[in-house]
Amino acid sequence: MRALFGTAGNPDNFGLEGFKKSRDMPLWLKGKGLDAYEYQCGKGVNLGEDTAREIGRQATLAGITMSLHAPYFVNPANPDPESQEKTAGYVLAACRAARWMGAGRVVVHTGALQKRTREEALATAKASFRMLRRRCDDEGYGDILLCPETMGKLNQLGDLEEVLELSTVCEGLLPCVDFGHLYARSLGALEGLEETAGMLDRMEAVLGAEKAQGFHSHFSMIEFTPKGGEARHLTFDQEEFGPDYHPLCRELARRGWGPTVICESAGTQDIDALAMKKQYLADLKNG
């Protein structure tokens, strides 16, 4: 397996000239030498079927692998029945759009603690993801993986152990491991070759080798605060914070793993994603 590298967002993130619509992104990414595109529905699933299908058609022609990010405001950890129903509606809408554009993965936030213990929030989220998986299967989206995401703020559910536990409650779930988020919520502790290898080892121990090697991922350098965790995304040129991407590229190449890695740098996603891909390919060549 070979890792895929790409970006999230839309043309507005990059200031593109001549590429004014999301349907143009697959061709643009191909021209950059990238492999993947994660369509963002963070503020809601607002695109129409025709647009989504055209994005998917262009992605197929360009050989770009698609994924989709569900709305940011879902909260599987909220036990309120009305909130649970809203979350289900948002995720189902995301899966519908993913089906139109041929995306096989939908990234889902894990939720906020809301003054409850981590154990209480995790128990609620586990039941919620079982429900979400069942609802998606019932609606005909059984082939679309739901990807609970590791989160960057300390008051959010979603450290690595929590996301791995969520990803094993039933079939059809795959973790989205955001290494920038884990770096930020650990206040800079989860960085470097030893820590990166340890995280990948843990993923393999919990998920099994076959599932772990194809995980979904986000990567960016992230500024954090001691009291809150994640503050803002940075670019690879802003080196006051981490994590460094070289250890991840080295470990993926050494293990022969093939995840999809979506770069979420602040305004330089394409440049930084390509830097990751080039480093990964160099590590593959060098053994």
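We now turn to the structure provided with this report.

Rules used in this analysis
- Residues numbered from 1 in each chain as written.
- Predicted model: local features only at pLDDT ≥ 70, side-chain atom pairs only at ≥ 80, totals over all residues.
- Heavy atoms only, no water.
- Salt bridge = Lys/Arg side-chain N within 4 Å of Asp/Glu carboxyl O.
- Helix = DSSP H or I, 4+ residues; strand = E, 2+ residues; numbered from the N terminus.
- Buried < 20%, exposed > 50% of the residue type's maximum accessible area, 1.4 Å probe, protein only.
- Pairing = 2+ DSSP bridges.
- Axes fitted to C-alpha atoms, helices over the stretch in contact; angles between N-to-C directions.

Description of the pattern of salt bridges
One pass over the structure, following the stated rule, counts 15 salt bridges. The salt bridge partner of glutamate 251 is arginine 254, with a shortest N-O separation of 2.9 Å. Of this pair, glutamate 251 and arginine 254 both sit in helix H9 (residues 246–255), three residues apart, which is roughly one turn of the helix. With relative accessibility at 4%, the residue glutamate 251 sits in the buried group. Judged by its relative accessible area of 54%, arginine 254 falls in the exposed class. A network of salt bridges, in which partner residues are shared, links Asp201, Glu251, Arg254 and Arg255.

So, the pairing of strand S7 (residues 216–219)
Of the two faces of S7, the one carrying His216 and His218 and the one carrying Ser217 and Phe219 are both buried. Summarising the sheet, strand S6 (residues 176–178) and S7 pair through three bridges and their orientation is parallel. Pairing of valine 177 across the sheet is with serine 217, part of S7. By the bridge criterion, four bridges tie S7 to strand S10 (residues 260–263) in an arrangement that is parallel. The partner of phenylalanine 219 across the bridge, within S10, is cysteine 263.

As for the sheet that holds S10
Across the sheet, which stays open at both edges, the eight strands sit in the order S5-S4-S3-S2-S1-S10-S7-S6 with parallel pairing between neighbours. This sheet does not close on itself; its edge strands, each paired only once, are strand S5 (145–148) and S6. Put simply, the sheet's adjacent strands are angled 25 degrees from each other on average, direction ignored. Where strand S1 (residues 4–8) lies against S10, four bridges are found, and the strand directions are parallel. If you follow glycine 6 over to S10, its bridge partner there is isoleucine 262.

Geometry only, nothing functional implied.
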